[in-house]
Amino acid sequence: MDSEDSPLLASTAHEAIYDRFTPDQKRWIVFVVSFAGLLPMFVSSTFVPSIPQIAKDLGSTHAVVSLTISLSILATAVGSLVWAAYSSFYGRRLMYLWGMPFLCIGSCGVAMSTSLRSLLFWRFVQTFGCSGGIPVGAGVIGDIYKLEERGTAIGVFFGATLFGFAVAPLLGGTAAQYWSWRNLHYSLAAWGLLELFLVYLSFPETSHPGTLGIDKLTRKRWIHITWVNPLSSLWLLRSPNLFAVMIASTLVLLTDFVLLVPLAFTIGVRYGITNEAIIGACFLPNGLGNFIGAPVAGRLSDIVVRKWRKKRKGVWYPEDRLRATWIGGLVMIPLSIGASGLITTYVGGPIGLWLNLLCLYTNGMGVDFVFNPIGSYNVDVAHSRSAEATAASAAIRSLILSAATALIIPSIERIGVAWTDIIAAVLAIVAQGIIFLTIRYGDRMRASVDIGFSTIENN
């Protein structure tokens, strides 16, 4: 029997637990977590343009200061696992209240650094503090939106965070050139303080009643500190389903990095752009594509879920959501990045530049059309541990991307922009092939390793 015809579980009545918050309250909660989700993007992406100024102030070299980037990737991976694991025990709200002070103190420490050693230490603290923004935010949205509404909300959330990925380098470069890298980090501390007050004053606990680890303790103390192994989240990736979509999302997101990381050396050199602010502005079309594409992709994935549940007479098959990835994974991403490589190589002048900006916009939208349904799928199938599933995928993905990113510029120098971009396009198609296999054999993959998948009754 074809696995698509064998359902996971029958549909049940809508759970009243999702009616705890009014629509306005839900929109406010999404705003707050999106505001927090922007922080890790700004902390990481505004730092890179400041490296020359930091190296000069600290009497070091660009290469040595660049070590902070690798350290930040490690801190992000560790922090996301820690905050996600503890959010399943203590709740989402407390993780924001605990994480933001780390960010504020770390940002001030970075701003006051007078040596490379102190910079590295405070940079780790700063990045660790805000790294829970994305996985915990995804968990919050899974808490408050039911299955067939979840994709749209996660689309808004991812759209806001990915927009920051494109806007932050422009703001970071502008601040480094016209202001001060130290003041920039003081500003990040102020942002974290504002987020802390927003959460404290207006953000409720969203976890479902009785599901937290601390709720299940028979004996509670006024201050109860429990060790939660953050690495346990990684064990969720033993599921072939979660591992497959993690690899697919990594290959798709790699196309963003292939276009954006060497932008100054590709589009900048090819079209004679030397002003850092203008180069930073070239990132904006990609961010605009992210910002517009994510909500559209989220709504599309919800429509696909409803359509296929109706087609299956109310039966929910989790992998149906992944069908919303086709247009992005097979058309928008491969064509945009492949075309960008060829245009950069063979088309000069303003026409070539404008066509490249169009490719950046299309790629930004295409990545969301794949990334968003996968993010929602992770929340769907591991609903009770949604933050942990998101964090585990993000941690491994960031480590893979950090290694792959180091190869981008050497590849461009060795085989050229066109072939490097074409290879990335082929990898994006491979990612879609992985998604196709997950859709087709999803129930068999879930049956092979059971990590406690969600059902329609508890989703």
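Everything here concerns the structure above.
Parameters at a glance
- Residues numbered from 1 in each chain as written.
- Predicted model: local features only at pLDDT ≥ 70, side-chain atom pairs only at ≥ 80, totals over all residues.
- Heavy atoms only, no water.
- Helix = DSSP H or I, 4+ residues; strand = E, 2+ residues; numbered from the N terminus.
- Rg over C-alpha atoms; globule rule 2.2 N^0.38 Å.
- Buried < 20%, exposed > 50% of the residue type's maximum accessible area, 1.4 Å probe, protein only.
- Lys, Arg positive; Asp, Glu negative; His and termini not counted.
- Salt bridge = Lys/Arg side-chain N within 4 Å of Asp/Glu carboxyl O.
- Polar contact = N/O pair within 3.5 Å; in protein donor to acceptor, adjacent residues only side chain to side chain.
- Contact = heavy atoms within 4.5 Å.
- Core = buried A, V, L, I, M, F, W, Y, C linked by side-chain atoms within 4.5 Å.
- Axes fitted to C-alpha atoms, helices over the stretch in contact; angles between N-to-C directions.
- Parallel < 35°, antiparallel > 145°, perpendicular 65-115°, else oblique.
- Left-handed = near helix turned anticlockwise from the far one by under 90°.

(A) The arrangement of the overall build of the chain in detail. Counting secondary structure elements, the chain contains 18 helices and 0 strands. Its C-alpha atoms give the chain a radius of gyration of 22 Å, near enough to 23 Å, the size a compact globule of 459 residues would have. Dimensions along the principal axes, computed over C-alpha positions, put the chain at roughly 60 × 55 × 35 Å. Expressed as a percentage of the 459 residues in the chain, the buried residues total 58%.

(B) Representation of unusual backbone geometry within the structure. One non-glycine residue, K313, lies in positive phi territory at about 60°. Counting through the fold element by element, K313 comes out in the loop between α13 (284–311) and α14 (326–346).

(C) Structural view of the side chain of R123. Looking at the element boundaries, R123 is found in helix α6 (residues 116–130). Among buried Asp, Glu, Lys and Arg side chains, R123 stands out as unpaired, with D57 the closest opposite charge at 15 Å. Reaching out from R123, the side chain makes a polar contact with the backbone oxygen of V43 at a distance of 2.8 Å. Side-chain polar atoms of R123 contact the side chain of S72, separated by 3.0 Å. Setting aside residues no more than four positions away along its own chain, R123 makes contact with V43, S44, F47, T68, S72, V110 and H185.

(D) The pattern of salt bridges, seen in detail. In the structure shown here, the tally under the stated rule is 10 salt bridges. Put simply, D143 and R92 hold a salt bridge, and the shortest N to O gap is 2.9 Å. Residue D143 is located in helix α7 (residues 133–144), and its partner R92 is located in helix α5 (residues 92–111); the two are separated by 51 residues in the primary sequence. Among the residues examined, R92 registers a relative accessible area of 3% and is labelled buried. In this structure, D380 and R150 form a salt bridge, with 2.7 Å as the shortest nitrogen-oxygen distance. Of the two residues, D380 sits in helix α15 (residues 349–381) while R150 sits in helix α8 (residues 147–178), which places them 230 residues apart along the sequence. Several salt bridges share partner residues, and in doing so they unite R150, D302, R321 and D380 into one network.

(E) Fine view of the nonpolar core. Among the nonpolar cores identified, the biggest contains 104 residues, and Y96, I141, F203 and L263 are the most heavily contacted of them. In terms of residues, this core owes the most to one element, helix α10 (residues 240–260), which gives 12 residues. Core analysis: the second largest hydrophobic core is formed by 7 residues, F47, I51, V110 and L119 among them.

(F) Broad picture of the environment of V417. Tracing the sequence through the fold places V417 in helix α18 (residues 417–448). Along the chain, V417 and H383 lie 34 residues apart, while their C-alpha atoms are 41 Å from each other. Sequence-distant contacts of V417, that is, excluding residues within four places in its chain, are made with T266, G341, T344, T345 and I412.

(G) Inspection of the packing of helix α1 (residues 23–45) against helix α9 (residues 181–202) at higher detail. The interhelical angle for the contact between α1 and α9, taken along N-to-C directions, is 160°, at an axis separation of 11 Å. Considered as vectors, α1 and α9 are oriented roughly antiparallel to each other. Along this stretch, α1 crosses α9, giving a crossing that reads as left-handed. Each of W28, V32, F35, A36, L38, L39, F42 and V43 in α1 lies in contact with α9, whose residues at this interface are L188, W191, G192, L194, E195, L198, V199 and S202.

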